[in-house]
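# What the coordinates show
Residue strings, one per chain:
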Amino acid sequence: MISIKEIATIRSPFCNLEDMPVQPCGAQDTYATIEFKEEYGAGLADLDGFSHVYLIYHFHKVVEPQLKVVPFNDKTKTPRGVFSTRTPMHPNSIGMSLVELVSVDKNRVTIKGVDILDETPLLDIKPYIPHFDQVHGDVKTGWMHSSGDEVGAMRSDERFIECR
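Here we summarise the structure given alongside this text. (Residues numbered from 1 in each chain as written. Predicted model: local features only at pLDDT ≥ 70, side-chain atom pairs only at ≥ 80, totals over all residues. Heavy atoms only, no water.)

## Topic: the sheet that holds strand β7 (residues 108-112)
Where we set the bar: The pairing criterion for strands is at least two bridges between them, as found by DSSP. By the criteria applied, helices consist of DSSP H or I runs no shorter than four residues and strands consist of E runs no shorter than two, each listed in order from the N terminus. In this description, a line fitted to the C-alpha atoms serves as the axis of each element, helices being fitted only across the stretch in contact, and the angle between N-to-C directions of two axes falls anywhere from 0 to 180 degrees.
Spatial strand order, β1-β2-β7-β6-β3-β8: six strands in a closed barrel with antiparallel pairing. Averaged over neighbouring strand pairs, the angle between their axes works out to 45° when direction is ignored. Alignment of strand β1 (residues 8-11) against strand β2 (residues 31-36), held across four bridges, turns out to be antiparallel. Across the sheet, the residue bridging to Ala8 is Phe36, located in β2.

## Re the pairing of strand β3 (residues 52-58)
Bridge count for β3 against strand β6 (residues 94-105) is seven bridges, and the pairing is antiparallel. Considered in β6, the bridge of His58 is made with Ile94. The pairing of β3 with strand β8 (residues 120-127) spans five bridges and is antiparallel. When the sheet's bridge partners are listed, Tyr57 is paired in β8 with Leu122.

## A closer look at the side chain of Thr87
To keep things clear, this is the line we draw: Per-residue accessibility, obtained with a 1.4 Å probe over protein chains only, is compared with the maximum for each type, and a residue is labelled buried under 20%, exposed over 50%, and partly exposed between these values. Between N or O atoms, a polar contact is any pair within 3.5 Å; within protein, one atom must be a potential hydrogen donor and the other a potential acceptor, and residues adjacent in sequence are included only when both atoms are from side chains.
Tracing the sequence through the fold places Thr87 in the loop between β5 (80-81) and β6. Assessed through its relative accessible area of 6%, Thr87 is described here as buried. Within the structure, Thr87 has its side chain in polar contact with the side chain of Thr85 (distance 3.1 Å).

See the structure below:
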């Protein structure tokens, strides 16, 4: 058994799952705040020196994970193994987004470029560091052939809306 604690709550303008952006690039101008629990406030020291952060969170509305899904950006509408997708339907219901860090004020962090449902539990936050995270050389994207503009324009539909 693994025990993971919620460290904060993400407050976004997306109050329901319908018609949400499906990736951060589809929400470039969308702001949100993260309200950290008091006991984790000291951990935010020095975070304001970074321009971007990874958010690791729990897809708290997933009812039934699936091992095969048809991802939003798959033009062929082919069922894919869930581990080759960014859908919320993974067995542990863990999400990850790279967002812009706007500000840190006590236990409140403001972010931009958010594709996350309101009241989503945050499990961790980590700074983006290009020397660690940037991939060089040939990069393969498997079945994913949508352009950046197509990904940015994609909005959620009913396919993963089986909420608690």
